[in-house]
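Coordinate inspection notes
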Amino acid sequence: MAYLQLKGLAKCFGPVTAVNDASLDIASGEFVTLLGASGCGKTTLLRMIAGFTAPDGGEVWLNDRRIDPLPPRLRGMGFVFQSYALFPTMTVADNIGFGLRLRRRPRQEITERVAELCALTHLEGMESRYPHELSGGQQQRVALARALALNPSVLLLDEPLSALDAKIRALLRAEIRSLVERLRITTVYVTHDQEEALSMSDRVVVMDRGRFLQVGTPLEIYTKPATSLVADFIGTSNTLRAKAVPGDRIMVEDTPAEIQVPGHLRGLDPLRVCIRPEHISLGRPGTGPGPAFTGTLASYAFLGQTVRSTIITSGGASLLVDLSTQEWLALKLAVGEAVAWRIQPGQAMIFADDGTALGHC
């Protein structure tokens, strides 16, 4: 049953439509991430949920109560800003307890709550420090603790890790996910980082130009993207033009492929084939089972456990291929050499040329 409901939310800034008919049901305790490129409308949507931005249309419901007419302070939500927004002249303890003091809670209650949150966010011993005496990760923990101080019904986070380095980001996203699971708090998280979205979320909402392109679990979004735009945005994807041939098969790079056109795409031409780099097999010409596409090794990069190579296909397209380091070393390929590549069975994603109507083969 939905706990937080967005019903047809819309927002325009002059001629620009920032959010267009956004509807979503979020269950109690669910972690939902709004994912998209800068300017797609995700932060505007979050601010409408919080009450900082008034919608031009639509409604927000929380626990069967309409809340969009209410001011932010009456919505029972905690908000973590991208910039942290800590008070520079207040200590860690004072920043965390600020909202409690505004509500005139007893001093003992504030002291106990601050101590509890410092323990939860690994800030013990830092209560008397000021923001300028903290690292970026510590400041973000203070902002998170402050948002949780009033036991909010919903936690809203606007790209909270974007200013941190990669190692701290990885640590904090695990901490945030663990914390909200422990507290069983409904969470809406905004990011443009697909790794954050896939690793933290129960569901991901992929946005573009104010619209929802797809809503699903991280696995669904990655393995069954609804459009080629989602396939390109989530992870890395190679996109090749294709055309249908008799027998409901397709031709890629002017080479017949053992890929059947899904029934709902039959009769459409041209088509697009999207393949993840890890779903392509690589070898030398004349080796391996069955027919293969051909190309030339243009470059490669060692990435630790994997090697990412760039293949220029016979049709002139650029193709990324990921192999394990062990597989790569066994091939003993050099830049400029001819290669054979194959799409692994069942891993081709087929779209109409407008990017819609997905099929998997």
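Just so it is clear, the model here is predicted, and its values are computed rather than measured.

A short note on the overall build of the protein chain
Secondary structure summary: the protein chain contains ten helices and 21 strands in total. Expressed along its principal axes, the backbone C-alpha trace of the protein chain runs to roughly 80 × 45 × 35 Å. Taking all 361 residues of the protein chain together, 48% fall into the buried category. Taking contacts inside the protein chain between residues at least 6 apart in sequence as the whole, the part at least 24 apart equals 67%. Roughly 17,200 Å² of accessible area belongs to the protein chain as shown, and the carbon and sulfur atoms make up 52% of that amount. Charge-centre separation for the protein chain: the mean point of 37 positive side chains lies 4 Å from the mean point of 37 negative side chains.

As for the pattern of salt bridges
Inspection of the entire model under this criterion finds 14 salt bridges. Between Arg-284 and Glu-337 there is a salt bridge, with the nearest N and O atoms lying 3.2 Å from each other. Taken together, the residues span a long stretch of sequence, with Arg-284 in the loop between strand E15 (280-283) and strand E16 (293-302) and Glu-337 in the loop between helix H10 (325-331) and strand E19 (338-343) at a distance of 53 residues. Residue class for Glu-337 comes out partly exposed when judged on its relative accessible area of 26%.

Notes on the nonpolar core
One recurring pattern in soluble globular proteins is that nonpolar side chains are buried together. Judged by nonpolar contacts, the single largest core of 34 residues is most densely connected at Ile-96, Leu-144, Leu-155 and Ile-176. For this core, the secondary structure elements donating two or more residues are helix H2 (92-96), helix H4 (107-120), helix H5 (136-148), strand E7 (154-158) and helix H6 (166-183). For this core, the leading source of residues is H5, giving six residues. Ignoring any residue separated from it by four or fewer positions in sequence, one finds Leu-144 in contact with Val-80, Leu-155, Leu-157, Ile-176 and Leu-179. One finds Leu-9, Leu-24, Ile-67 and Met-77 within the second-largest nonpolar core, a separate group that totals 29 residues.

What to know about the packing of aromatic side chains
Counted according to the given criterion, the structure contains seven aromatic pairs. When the centroid spacing of 5.7 Å and the interplanar angle of 35° are considered together, the rings of Phe-31 and Tyr-189 count as tilted. Linking Phe-31 in strand E3 (residues 31-35) with Tyr-189 in strand E8 (residues 186-191), this pair joins segments that are 158 residues apart in sequence. With a centroid separation of 4.6 Å and an interplanar angle of 50°, the aromatic rings of Phe-87 and Phe-98 are classed as tilted. Here Phe-87 is found in the loop between strand E6 (77-80) and H2, whereas its partner Phe-98 is found in helix H3 (residues 98-102), with eleven residues between them in sequence. On the basis of relative accessible area, Phe-87 is assigned to the partly exposed category, the value being 30%.

A word on the sheet that holds E16
Strand order in the open sheet made by the five strands is E15-E19-E16-E17-E18, with antiparallel pairing throughout. Single-partner strands in this sheet number two, and they are E15 and strand E18 (318-324). Averaged over all pairs of adjacent strands, the angle between strand axes in this sheet comes to 45°, irrespective of strand direction. Across seven bridges, the pairing between E16 and strand E17 (residues 306-313) is antiparallel. Bridge pairing links Tyr-300 to Ser-309 in E17.

Remarks on the confidence of the model for the protein chain
Across the protein chain, the average pLDDT comes to 89, with 93% of residues at 70 or higher. Note on residues 355-361: pLDDT under 50 across the span, and 37 contacts to partners over four residues away in sequence or across chains.

Structural notes on the sheet that holds E7
In spatial order, the strands read E6-E7-E8-E3-E9-E10; together these six strands make up an open sheet with mixed pairing. Looking at the sheet topology across the chains shown, the edges are occupied by E6 and strand E10 (211-216). When the angles between neighbouring strand axes are averaged without regard to direction, this sheet yields 15°. Helix H1 (residues 42-50) rests against E3, E6, E7, E8, strand E9 (203-208) and E10 of the sheet, and its axis sits at about 150° to E7. Contacting E6 and E7, H5 crosses the sheet at an angle of about 170° to E6.

Quick notes on the packing of H5 against H6
Packing of H5 against H6 brings their axes to within 11 Å, and their N-to-C directions diverge by 15°. In this view, H5 runs roughly parallel relative to H6, as classed from their interaxial angle. In the packing of H5 onto H6, the handedness of the crossing is right-handed. Taking contact as the criterion, the partners of Gly-137, Gln-140, Arg-141, Leu-144 and Leu-148 in H5 are, on H6, Ile-168, Leu-171, Leu-172, Glu-175, Ile-176, Leu-179 and Leu-183. Across the contact of H5 with H6, the residue classes tally to eight nonpolar, two polar and two charged.

Thresholds, definitions, all that
- Residues numbered from 1 in each chain as written.
- Predicted model: local features only at pLDDT ≥ 70, side-chain atom pairs only at ≥ 80, totals over all residues.
- Heavy atoms only, no water.
- Helix = DSSP H or I, 4+ residues; strand = E, 2+ residues; numbered from the N terminus.
- Buried < 20%, exposed > 50% of the residue type's maximum accessible area, 1.4 Å probe, protein only.
- Contact = heavy atoms within 4.5 Å.
- Areas by Shrake-Rupley, 256 points an atom, 1.4 Å probe, with all protein chains shown as cover.
- Lys, Arg positive; Asp, Glu negative; His and termini not counted.
- Charge placed at Lys NZ, Arg CZ, Asp CG, Glu CD.
- Salt bridge = Lys/Arg side-chain N within 4 Å of Asp/Glu carboxyl O.
- Core = buried A, V, L, I, M, F, W, Y, C linked by side-chain atoms within 4.5 Å.
- Phe/Tyr/Trp six-rings, centres within 6.5 Å; stacked < 30°, edge-to-face > 60°.
- Pairing = 2+ DSSP bridges.
- Axes fitted to C-alpha atoms, helices over the stretch in contact; angles between N-to-C directions.
- pLDDT = per-residue confidence, 0-100.
- Parallel < 35°, antiparallel > 145°, perpendicular 65-115°, else oblique.
- Left-handed = near helix turned anticlockwise from the far one by under 90°.
- Nonpolar A, V, L, I, M, F, W, Y, C, P; charged D, E, K, R; others polar.

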